[in-house]
Amino acid sequence: MSTTYAPFFCYVLLLSLGTFSLSVQAQPLNWVDPQIPSALAPFDGQANRLASLAEQNMIIYQHPRQATTTPTQRGIRRYQNVSFNSSALVVSATPAEVRQLLSDYSRYVGLFPTLTEAKPLYSSLNNQAQISQVQYRIQVPVPIPLLSFDEKIVLQHQLSEHALSTLIVDSPIQYGLGQFEWFALPNSKNGTPQTLVTLTQWGDLNAPKGFIVTTLLRALPEVKLGIPNGVGAFVMESIRLRYDPDPSLGSVYPPQQIVPQHTLSTAQTQQVKQLIQRSGGQSVVFAHRPVWLRTPKRPEKLFFSTSYAQIHATPQQVFDTLTEPSRYQHLFRQIKKIELTPQPDGATEAKIRVGLGLGVITIPYHIQLRTQQLNPTTAVYQANGGDIEFMH
């Protein structure tokens, strides 16, 4: 199933990065063994296998659950059952260029949207790793002043030849680890070198601090399931745009042809199944390059993703649940009311009223969808009015 990225989810993702009372750390935390799995672990350490599966898309997948520890300003914090999330894509650059970009923390301003300041706090060379602490400023203005913020976070970076590990020092998501890796690929694209870039990360979403983040995660616990994928997509898409910027206008498609058709070879299908099984049933997501939708006013740039999952139900049960709008109110608790109108061509017009409860306030909005079953295994939908203009 392919869907556009949800604007509200991206906003919650940004909130996960920063509202807190800053305490500047004078010395680095003692972080000897990051205990972060390599993104290549499911691929026997072979970068080419992962790159061949991703192709021109970004791929996002989970690792098996494991134990890990994270140093904090109050001592070591131990976890017995965490799942790291990896995102990977191929960029048009050399590994040395990727390393230079990611190790120049001042260049994060302009690389990652909403990050407006990077202030070094500490730097030293230890055991052939460059250790740095950096204070970042994040500004996210939104129409609701209560939810806007202008705050700072502190991260500790440890740079080696082929990886950049990062530890949360101070943030509303108090505990978390991440690691960039970069791998040379043997085949160039039209003479341009290609590098596989990966991000593997985990954060403790059950122990936030700060009023806004705590309130949001308490009111919308389902968001915790999507934040790891969102973090990977947000960061890696920014890196992709640095090396492979989108054209100002690509091929323009009518609504009937706008959804990307993602197909897997037999070998790729087996790889996806193995990733799902290895992670204990977590989905595998492919985030596609943007496409442009033809509209009466102007072409609109849309982003789609394709998700693969194994669900313990019959195909008919899954199909009925996902394609029958009358069931949405039982599937999504934020939906307050649905009005269905059958159409002469067999499609259904669904007017959906949503109340997004955030604890202190509730944000109401309306979605109007046109849904239609094309065959026994395929159904399509698209926005046909409401507060979300483009949804396919």
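Calculation notes
Residues numbered from 1 in each chain as written. Predicted model: local features only at pLDDT ≥ 70, side-chain atom pairs only at ≥ 80, totals over all residues. Heavy atoms only, no water. Helix = DSSP H or I, 4+ residues; strand = E, 2+ residues; numbered from the N terminus. Rg over C-alpha atoms; globule rule 2.2 N^0.38 Å. Buried < 20%, exposed > 50% of the residue type's maximum accessible area, 1.4 Å probe, protein only. Areas by Shrake-Rupley, 256 points an atom, 1.4 Å probe, with all protein chains shown as cover. Pairing = 2+ DSSP bridges. Axes fitted to C-alpha atoms, helices over the stretch in contact; angles between N-to-C directions. Salt bridge = Lys/Arg side-chain N within 4 Å of Asp/Glu carboxyl O. Arc of directions from axis to C-beta. Contact = heavy atoms within 4.5 Å. Polar contact = N/O pair within 3.5 Å; in protein donor to acceptor, adjacent residues only side chain to side chain. Parallel < 35°, antiparallel > 145°, perpendicular 65-115°, else oblique. Left-handed = near helix turned anticlockwise from the far one by under 90°. Nonpolar A, V, L, I, M, F, W, Y, C, P; charged D, E, K, R; others polar. Core = buried A, V, L, I, M, F, W, Y, C linked by side-chain atoms within 4.5 Å.

A. Quick peek at the overall build of the chain. In terms of helices and strands, the chain carries 9 helices and 20 strands. By the compact-globule yardstick of 21 Å for 392 residues, the chain fits well, its C-alpha radius of gyration being 22 Å. Dimensions along the principal axes, computed over C-alpha positions, put the chain at roughly 70 × 50 × 45 Å. Burial statistics for the chain: of 392 residues in total, 46% are counted as buried. For the chain, the accessible surface area stands at approximately 19,600 Å², while carbon and sulfur atoms represent 52% of it.

B. Highlighting the sheet that holds strand β18 (residues 348-357). Taken in spatial order, the 4 strands line up as β17-β18-β19-β20 in an open sheet, and their pairing is antiparallel. What marks the edges here is a single partner per strand, and that holds for β17 (335-342) and β20 (378-386). Taking the axes of each pair of neighbouring strands and ignoring which way they run, one obtains an average angle of 25 degrees across the sheet. Strand direction decides the pairing type here: β17 and β18, joined by 7 bridges, are antiparallel. For Pro-342, the partnering residue across the bridge sits in β18 and is Thr-348.

C. Structural detail: the pattern of salt bridges. Within this structure, the stated rule accounts for 11 salt bridges. A salt bridge links Arg-298 to Glu-300, with the nearest nitrogen and oxygen atoms 3.1 Å apart. Note on Arg-298: relative accessible area 49%, which makes it partly exposed. With a shortest N-O distance of 3.5 Å, Lys-337 and Glu-339 are connected by a salt bridge.

D. Seen up close, helix α3 (residues 95-103). Looking only at α3, the buried set comprises Val-98, Leu-101 and Leu-102. The arc that holds the buried residues of α3, viewed along the axis, is 90 degrees, so those residues lie on one side. Residues Ala-96 and Gln-100 are exposed on α3 and point more than 90 degrees away from its buried face. Against the buried residues of α3 lie β5 (85-91), α4 (108-111), β9 (163-170), β10 (176-184), β11 (195-203) and α6 (223-243).

E. Region of interest: the side chain of Thr-200. Checked against the element boundaries, Thr-200 lands in strand β11. Judged by its relative accessible area of 0%, Thr-200 falls in the buried class. At 2.6 Å, the side chain of Thr-200 and the side chain of Ser-86 are in polar contact. When near neighbours in sequence (up to four residues on either side) are disregarded, Thr-200 contacts Ile-36, Pro-37, Ser-38, Ala-39, His-63, Phe-84, Asn-85, Ser-86, Leu-177, Gly-178, Gln-179 and Glu-181.

F. Inspection of the packing of α3 against α6 at higher detail. Put simply, α3 and α6 touch, their axes get as near as 12 Å, and they point 125 degrees apart. It follows from the interaxial angle that α3 and α6 lie oblique. The hand of the α3/α6 crossing is right-handed. Note on element contacts: α6 touches α3 through Ile-239, Arg-242 and Tyr-243, opposite Glu-97, Val-98, Leu-101 and Leu-102. In terms of residue class, the contact of α3 with α6 is built from 5 nonpolar, no polar and 2 charged.

G. Representation of unusual backbone geometry in the model. Positive phi outside glycine occurs at Gln-35, with the angle close to 55 degrees. Relative to the assigned elements, Gln-35 resides in the loop between α1 (7-15) and α2 (47-54). You will see that Glu-55, though not glycine, has its phi angle at about 55 degrees, which is positive. Look at Glu-55 and you get partly exposed, because its relative accessible area is 39%.

H. Spotlight on the nonpolar core. One finds Tyr-108, Phe-180 and Ile-239 to be the most contacted residues of the largest nonpolar core, which totals 42 residues. The dominant element in this core, judged by the number of residues it contributes, is α6, at 8 residues. What Ile-239 contacts, discounting residues up to four positions off in sequence, is Val-91, Leu-102, Leu-111, Phe-112 and Phe-180. Counting residues in hydrophobic clusters, the runner-up holds 20 residues, among them Leu-53, Tyr-61, Phe-183 and Leu-185.

I. Summary view of the side chain of Gln-334. Mapped onto the elements, Gln-334 comes out in the loop between α9 (328-331) and β17. What makes Gln-334 buried here is its relative accessible area of 17%. Those residues in contact with Gln-334 that sit more than four places away from it in its chain are Leu-220, Glu-222, Arg-353, Val-354, Gly-355 and Leu-356.

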